[in-house]
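These are the residues of each chain, in order.
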Amino acid sequence: MKFKKIIRALIGAVVLLSMAGCGNKGTEELVSKDNPAAGEAKGAEAGQESGGEETSGEKVKLTFLRAGTDAEKKAFWDKVIADFETANPDIEIEYQECSYGDDFETKLNTGFASGTAPDVIDFTLASMGVRVPLGQYAALDEFTADWDGTSDYMESALNLGKIGGKLYGIATQPDVRLLVYNKELFEQAGLDPNSPPTNWDELLEYHKKLVKKDGDNVVQTGLGVPSSGSTQQHYLTIFALANGEKNLVDEDNNTVLCNSEKAVEAAEFLKKLEDEGTIPWDSSSSDNNPFASGLAAMTYANTTDFANWNNGALAGKIAMASPLKKEKQATFCGMGFMFMSSETPHKEEAWRFIEYASSADVAWTRYEMMGVPPVRESLKERYIAENPENNSVIYESVACGVGSPKVAYSNAVFNAVNDAMERIAYGVEDPKTALDKAAQEIQKEIDNQ
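Residues numbered from 1 in each chain as written. Predicted model: local features only at pLDDT ≥ 70, side-chain atom pairs only at ≥ 80, totals over all residues. Heavy atoms only, no water.

A. Examining the overall build of the chain more closely. A tally of regular secondary structure across the chain gives 18 helices and 16 strands. Relative to its full complement of 449 residues, the chain shows a buried share of 54%. At a minimum sequence separation of 6, the contacts of the chain that also span at least 24 residues come to 73%. (Helix = DSSP H or I, 4+ residues; strand = E, 2+ residues; numbered from the N terminus. Buried < 20%, exposed > 50% of the residue type's maximum accessible area, 1.4 Å probe, protein only. Contact = heavy atoms within 4.5 Å.)

Okay, here's the thing in structure tokens:
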């Protein structure tokens, strides 16, 4: 069975499942007693359709669903929605939230299958590869043709929201991987704490000087390269990008690149670091990272990790470095987006909300309330001025960041590459053999599309 048929079959089955556990405050069902569209067919006598409704012939009601249930983000969205409704009295926003993972996917699948999909969705880049081909996210080009945000957005952030040249997602929340280092360990190794490595050769040199051993046992490493876990593919991506590769997969033509010459060279370089001496760790959780306990002098982390470490035992001891370069500067950068449901009957109003929520003013509020880097060029100088040392590096990293391939088989890419990198780390297979096997597994998924 082809992929799309499988998805549609799963969506149909999901409709029959209980929908408890998601919604407002993480507890409201998708269709509640407060929603008069419950149990009614799409476009029933009440005059309501696909997640949006008109009340009293005046206000348009939009349903907004975001991924995640953390209180900090809810407080942000409460403010954004209140301010938007004040400025747009003809629109009412019904806020819903649901935890990441299966719960969120189930909620979306159920909504699209039953004609009750939310009008606006705040979700991740990863969803685009599945939901755009299914026609569930609306292309936004008709709204952005004369939008001033097009010229103000960072090019990298704008491009991440595109598939096949069309814009589907408006970027709001970058999740960039930064090279972070321990200045104290640099000084102890005789390295300048204000001069982190800038390229592969320097990284290898620094790594060698920072490795400490007790006999054959590594008690301190340079770059903390994970030996297993769910984010090993990020490390290969970062080094493959810097080596001039496009990504692990070319999403434009479904060509597998994880075993290309440049990607294999990246894996070989990571293996060289491991052979010099690393501390095994599972990258599925940042808590496992030896950098957090002072056992690694360098690592890759996001802004949240850095903030947490810099408020703990490592406070004042750590810094950020610009993205490494071999052929070019590059790093991995995930992204959160605002999407419009293709089924909403209120596209103009939905766009007004998306436009407001992605505006420069709201981007700055997002930074002030949650520390999220803005992705608008007009905010660059103001953002860097807030913290010149760190924010300049963050902005530079986002600007050259590339996200995961936006393909329906992305999970197969992640799993195959993670497995390959683990076999490489433990010396089970050489980089080319392991990545060739990963490419074969990915190709099988492509052939089944």
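B. Region of interest: the environment of Phe239. Tracing the sequence through the fold places Phe239 in helix H10 (residues 232–242). Residue classification places Phe239 among the buried positions, given a relative accessible area of 1%. Taking C-alpha positions, Phe239 is 8.9 Å from Trp200, a pair spaced 39 residues apart along the chain.

C. Broad picture of the pairing of strand E10 (residues 217–223). Among the seven residues in E10, five count as buried, and that is most of the element. Bridging between strand E9 (residues 212–214) and E10 involves three bridges; their strand directions are antiparallel. Note on E10: the bridge partner recorded for Asp214 is Asn217. Sheet analysis places E10 next to strand E13 (residues 296–301), joined by two bridges and oriented parallel. Within E13, the position partnered with Leu223 by the bridge is Met298. (Pairing = 2+ DSSP bridges.)

D. Seen up close, helix H17 (residues 410–425). The end-to-end C-alpha distance of H17 is 22 Å, a good match for the 22 Å that 16 residues give at a rise of 1.5 Å each. What H17 keeps buried is the set Ser410, Ala412, Val413, Phe414, Ala416, Val417, Asn418, Ala420, Met421, Ile424 and Ala425. The elements touched by buried residues of H17 are H10, strand E11 (249–250), helix H11 (261–277) and helix H18 (431–447). (Expected span 1.5 Å × (residues − 1).)

E. Region of interest: the pattern of salt bridges. Under the defined criterion, the tally for this structure stands at 20 salt bridges. The shortest N-O distance in the salt bridge between Arg352 and Asp90 comes to 2.9 Å. Linking Arg352 in helix H13 (residues 347–357) with Asp90 in the loop between helix H2 (71–87) and strand E3 (91–98), this pair joins segments that are 262 residues apart in sequence. On the basis of relative accessibility, which here comes to 30%, the residue Asp90 falls in the partly exposed class. Across the salt bridge formed by Lys406 and Glu251, the nearest N and O atoms sit 3.2 Å from each other. (Salt bridge = Lys/Arg side-chain N within 4 Å of Asp/Glu carboxyl O.)

F. Representation of the packing of aromatic side chains. Summed over the entire model, instances satisfying the criterion amount to 25 aromatic pairs. Geometrically, the ring pair formed by Phe104 and Phe123 is tilted, given 4.3 Å between the ring centres and 40° between the ring planes. Taken together, the positions of Phe104 in helix H3 (residues 102–114) and Phe123 in strand E4 (residues 120–124) put the pair 19 residues apart, joining distant regions of the chain. Assigned by exposure class, Phe104 and Phe123 land together as buried. For Lys326, the ring lying beneath its charged end belongs to Trp200, and the centroid distance is 5.3 Å. (Phe/Tyr/Trp six-rings, centres within 6.5 Å; stacked < 30°, edge-to-face > 60°. Lys NZ or Arg CZ within 6 Å of the ring centre and 35° of its normal.)

G. The arrangement of the packing of H2 against H13 in detail. Where H2 contacts H13, the axes come no closer than 11 Å and their chain directions differ by 125°. Between H2 and H13, the crossing angle belongs to the class labelled oblique. The chirality of how H2 crosses H13 is right-handed. Of the residues in H13, those in contact with Trp77, Val80, Ile81, Asp83 and Phe84 of H2 are Arg352, Phe353, Tyr356 and Ala357. (Axes fitted to C-alpha atoms, helices over the stretch in contact; angles between N-to-C directions. Parallel < 35°, antiparallel > 145°, perpendicular 65-115°, else oblique. Left-handed = near helix turned anticlockwise from the far one by under 90°.)

H. Expanded view of the sheet that holds E10. Taken in spatial order, the five strands of this open sheet run E9-E10-E13-E8-E14, and their pairing is mixed. Unpaired on one side and paired on the other, E9 and strand E14 (318–321) mark the two borders of the sheet. Sheet twist, expressed as the average angle between the axes of neighbouring strands with direction ignored, equals 30°. When strand E8 (residues 178–182) meets E13, the two strands line up antiparallel, connected through four bridges. The partner of Leu179 across the bridge, within E13, is Tyr300. Strand contacts of helix H12 (residues 303–310): E8, E13 and E14, with the helix running at about 155° to E14, the strand carrying the most contacts. Its contacts with the sheet place helix H16 (residues 388–399) against E8 and E14, and it is angled at close to 35° to E14.

I. Quick look at the nonpolar core. Of all hydrophobic cores here, the largest spans 73 residues; its most connected members are Phe64, Trp77 and Phe353. Examining the composition of this core, we find that six residues originate from one element, strand E15 (residues 331–340), more than from any other. The contacts of Trp77, once residues within four sequence positions are left out, are Phe64, Arg66, Tyr95, Asp122, Met338, Phe353, Ala357 and Arg366. If you look at the next biggest cluster of nonpolar residues, it comprises 52 residues, including Tyr181, Ala263, Ala321 and Ile424. (Core = buried A, V, L, I, M, F, W, Y, C linked by side-chain atoms within 4.5 Å.)

J. Geometry of unusual backbone geometry. Although it is not a glycine, Asn254 adopts a positive phi angle of roughly 55°. Here Asn254 lies in the loop between E11 and strand E12 (255–256). The class for Asn254 is partly exposed, based on a relative accessible area of 34%.

K. Molecular detail of the pairing of E8. Summarising burial for E8: five of the five residues are buried, a large majority. Here E8 shows two buried faces, one formed by Leu178, Val180 and Asn182 and the other by Leu179 and Tyr181. Of the pairings in the sheet, the one linking E8 to E14 comprises four bridges and is antiparallel in character. Opposite Tyr181, over in E14, you have Ala319 as the bridge partner.

L. Focus on helix H14 (residues 360–370). For H14, every residue scored as buried is listed here: Val362, Ala363, Trp364, Thr365, Arg366, Tyr367 and Met370. Note on H14: the residue one or two positions beyond its end, Gly371, has a positive phi of about 75°.

M. How the structure looks around the packing of H10 against H17. Between H10 and H17, the least distance of the axes is 8 Å, while the angle of their chain directions is 85°. Compared by their axis directions, H10 and H17 come out roughly perpendicular. Every residue of H17 that contacts H10 at Gln232, Gln233 and Leu236 is listed here: Phe414, Val417, Asn418, Met421 and Glu422. A breakdown of the residues in the contact of H10 with H17 according to their chemical character gives four nonpolar, three polar and one charged. (Nonpolar A, V, L, I, M, F, W, Y, C, P; charged D, E, K, R; others polar.)

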